[in-house]
Amino acid sequence: MTSTRRHLLLTGAAFPVYALVAELALAQTLPRSVPARRWLAAQSQLARGLAQGTLSQTSWHRGVNELSSQVDLESLAHEMRRARIRNAGTPFGHDPQKRFVTVLDDDERPVRLGYGLALFDFGPDSVITPHAHRYMASAHMVIDGRVRVRTFDRIRDEENAVVVRPTQDVLAETGHAAAMTTPKDNVHWFAPRSPQAMTIDVIIDGLEPGRERYLIEPIDPLRGTPLPDGSLRAPLISFERSMALYSAKD
Ligand SMILES: [Fe+2]
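Criteria and thresholds
- Residues numbered from 1 in each chain as written.
- Predicted model: local features only at pLDDT ≥ 70, side-chain atom pairs only at ≥ 80, totals over all residues.
- Heavy atoms only, no water.
- Donors = N, O, S within 2.8 Å, 3.2 Å for Na, K, Ca; no water.
- Buried < 20%, exposed > 50% of the residue type's maximum accessible area, 1.4 Å probe, protein only.
- Phe/Tyr/Trp six-rings, centres within 6.5 Å; stacked < 30°, edge-to-face > 60°.
- Helix = DSSP H or I, 4+ residues; strand = E, 2+ residues; numbered from the N terminus.

S.K.: Break down the coordination of the iron ion for me, with residues and values.
M.R.: In this structure, H131 (NE2), H133 (NE2) and H188 (NE2) serve as the protein donors to the iron ion, at separations of 2.1 Å. The sequence motif formed by the donor residues of the iron ion is H-x1-H-x54-H. On the basis of relative accessibility, which here comes to 3%, the residue H133 falls in the buried class.

Structure, rendered in structure tokens:
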């Protein structure tokens, strides 16, 4: 890495997000060389751009996945060990245990990131059942174990149903990130494929002023109706029905 590039990676928030993303894309020669703190700060820049409308959801989506392919996972684990972690209540059904993360600076003071950071702790029976979102964006990255990640584009809304198109079905290992935005991969579904697994989630909500901060809409793609163009009409279902229909085995 040249000194100029190193300088760009390590300096503050003054340069535009597109330059940051381009810079990180160039860092491919040193895989996973971005320290966790740089990753967290870069996420702040992306989140700010998204919230202020200076960065499109598609660009944010690409930027977040790019960043996640470059973060030094050992450094991230270290940062999580020294962070303040608190349970986000008792999980609903067989949801994984969600934990809020507050990152601390060198003086052990909370860092204002400008986005939400959470850990999802999967046991063997935990599952995040398939659901669509409104007014928010997020990205889950696997940091422990293996998780089957399925994503779908939201094509259109119908009465009591969402028409979706499958976009991804992968066995995700540590370091794999799956971003979710309105135009891309708006539906996701996470089922562990190891006795334990964990994801770290970057969350930005409140993207549509005057609306709820976010809306989660469970859907049932397994019992959806295939359509001639390869999409799928998936019924909208309740959270209770979602938990009854979907398990970690699906
Ligand atoms: Fe979600």
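S.K.: Any details on the packing of aromatic side chains? Residues and values, ideally.
M.R.: This structure, assessed with the given rule, holds two aromatic pairs. Between the aromatic rings of F92 and F239, the centroid separation amounts to 6.5 Å while the plane-to-plane angle is 90°, which identifies the pairing as edge-to-face. Taken together, the positions of F92 in the loop between strand 1 (84-87) and strand 2 (97-102) and F239 in helix 6 (residues 239-245) put the pair 147 residues apart, joining distant regions of the chain. Residue F92 is classed as partly exposed on the basis of its relative accessible area of 37%. Judged by relative accessible area, F239 falls into the partly exposed class, the value being 41%. Ring centres of W189 and Y246 lie 5.2 Å apart, and the angle between their planes is 90°; this geometry places the pair in the edge-to-face category. Of this pair, W189 sits in strand 9 (residues 187-192) while Y246 sits in the segment after helix 6, and the two are 57 residues apart along the sequence. The class for W189 is buried, based on a relative accessible area of 2%.

Function-wise, these values are silent; they only describe arrangement.
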